[in-house]
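The chain contents come next:
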Amino acid sequence: MSAAERPTGVFCANDMAAIGLLQGLTSMGIRVPDDIAIIGYDDIEFAAYAAVPLTSVAQPRRDIGATAATLLLAELEDLEAGRPHVHRSVMFTPSLVERASTALA
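Scope of this entry: the structure provided in the associated data block. (Residues numbered from 1 in each chain as written. Predicted model: local features only at pLDDT ≥ 70, side-chain atom pairs only at ≥ 80, totals over all residues. Heavy atoms only, no water.)

### Considerations on the packing of aromatic side chains
- Enumeration over the complete set of coordinates arrives at 1 aromatic pair.
- Ring geometry for phenylalanine 11 against tyrosine 41: centres 6.3 Å apart, planes inclined by 80 degrees, an arrangement best described as edge-to-face. Of this pair, phenylalanine 11 sits in strand E1 (residues 9–11) while tyrosine 41 sits in strand E2 (residues 37–42), and the two are 30 residues apart along the sequence.
- On the basis of relative accessibility, which here comes to 51%, the residue phenylalanine 11 falls in the exposed class.
- A relative accessible area of 23% places tyrosine 41 in the partly exposed class. (Phe/Tyr/Trp six-rings, centres within 6.5 Å; stacked < 30°, edge-to-face > 60°. Helix = DSSP H or I, 4+ residues; strand = E, 2+ residues; numbered from the N terminus. Buried < 20%, exposed > 50% of the residue type's maximum accessible area, 1.4 Å probe, protein only.)

Shown next, in the form of structure tokens:
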């Protein structure tokens with residue numbers, strides 16, 4: 001893809017895909033973030049140590065795990081007490097961890 005056709009940035013569904021893209025672009029001589037910016041999702045530990053440290057969206061993993069355990073225990077209590085299953089929805093707020101794979105315009 002020519003520079004004129006290439007997007008200015010890519011958001012990947014997870015950090016591993018973003019790191020793979022970063023490696024592929026770098027091997028083709030495309031500079032990150034000068035030629036194209038990359039953002040991943042999950043903020044895995046390796047994201048900070050990639051050849052170009054990866055900007056990523058971090059999830060509150062500890063809160064997600066603790067909430068899942070709490071919901072499971074409540075579900076088991078309801079089951080043992082004969083209470084009907086109640087669907088619950090819990091929303092968590094992710095955060096952006098800015099690193100070198102993106103640059104201010």
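### Considerations on a nonpolar patch on the surface
- A grouping of Leu72, Leu73, Leu76 and Leu79 is seen on the molecular surface, where their side chains present a nonpolar patch of about 410 Å² in accessible area.
- By the secondary structure assignment, leucine 76 is in helix H2 (residues 61–81). (Patch = residues over 30% accessible without salt bridge, like charges linked within 9 Å, V, L, I, M, F, W, Y side chains within 5 Å. Areas by Shrake-Rupley, 256 points an atom, 1.4 Å probe, with all protein chains shown as cover. Salt bridge = Lys/Arg side-chain N within 4 Å of Asp/Glu carboxyl O.)

### With respect to the side chain of serine 56
- Tracing the backbone through its elements, the reader meets serine 56 in strand E3 (residues 55–58).
- A distance of 2.8 Å separates the side chain of serine 56 from the backbone nitrogen of aspartate 43, its partner in a polar contact.
- Setting aside residues up to four positions removed in sequence, serine 56 forms contacts with Asp15, Ile39, Gly40, Tyr41, Asp42, Asp43, Ser95, Leu96, Val97 and Arg99. (Polar contact = N/O pair within 3.5 Å; in protein donor to acceptor, adjacent residues only side chain to side chain. Contact = heavy atoms within 4.5 Å.)

### What about the sheet that holds E3?
- Strand order in this open sheet of 4 strands is E1-E2-E3-E4, and the pairing throughout is mixed. Of all the strands in the sheet, just E1 and strand E4 (95–97) have a single pairing partner and so form its edges. Taken over all neighbouring pairs, the strand axes of this sheet differ in orientation by 20 degrees on average, direction set aside.
- Pairing of E3 with E4, which is carried by 3 bridges, proceeds in the antiparallel orientation. If you follow valine 57 over to E4, its bridge partner there is leucine 96.
- Contacting E1, E2 and E3, helix H1 (residues 15–27) crosses the sheet at an angle of about 155 degrees to E2. (Pairing = 2+ DSSP bridges. Axes fitted to C-alpha atoms, helices over the stretch in contact; angles between N-to-C directions.)

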